[in-house]
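# Architecture at a glance
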Amino acid sequence: MLKALRIIALAALLVCAPLGVSAQSESDGDVETEMQAVTLTVSGTRVSISGAEGLALEVYNLTGVKIATYRIDSDSKQLSLGNLTGGFYILKVGDVVRKISIR
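None of these values were measured; they are calculated from a predicted model.

### Regarding the sheet that holds strand 4 (residues 46-50)
- Strand order in the open sheet formed by 3 strands is 3-4-7, and the pairing between neighbours is antiparallel. A strand with exactly one partner marks an edge of an open sheet, and here the two such strands are strand 3 (39-43) and strand 7 (76-80). Each neighbouring strand pair of the sheet contributes to a mean axis angle of 20°, computed without reference to strand direction.
- One ladder, built from 5 bridges, connects strand 4 with strand 7; its direction is antiparallel. Pairing of Ile49 across the sheet is with Lys77, part of strand 7.

### Here's the deal with the pattern of salt bridges
- Scanning all chains against the criterion turns up 2 salt bridges.
- The salt bridge involving Asp73 is made with Lys77; its shortest N-O contact spans 3.1 Å.
- On the basis of relative accessible area, Lys77 is assigned to the buried category, the value being 19%.

Conventions and cut-offs
- Residues numbered from 1 in each chain as written.
- Predicted model: local features only at pLDDT ≥ 70, side-chain atom pairs only at ≥ 80, totals over all residues.
- Heavy atoms only, no water.
- Pairing = 2+ DSSP bridges.
- Helix = DSSP H or I, 4+ residues; strand = E, 2+ residues; numbered from the N terminus.
- Axes fitted to C-alpha atoms, helices over the stretch in contact; angles between N-to-C directions.
- Salt bridge = Lys/Arg side-chain N within 4 Å of Asp/Glu carboxyl O.
- Buried < 20%, exposed > 50% of the residue type's maximum accessible area, 1.4 Å probe, protein only.

Rendered as structure tokens:
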């Protein structure tokens, strides 16, 4: 039952996830909204992430079990997911969620 709930929750994230991360800051009484776009690009087993410094990349299998977590310590980061077996996975960075296939 718990696995089914995890799958439903992750599917909802895939459908409803916004494409960017927004931040608000105050300066001199005015509120400014700044969009920082987080991008995920997958090529084979390599993942390129930009705009996500200070966040974490979380990798889930399709049953909703977290497989790995990687810290994003720079504005542009490349990671290898070559340690994963072939199949489908869900990547999550902040509010950005993507489904990928590893062959």
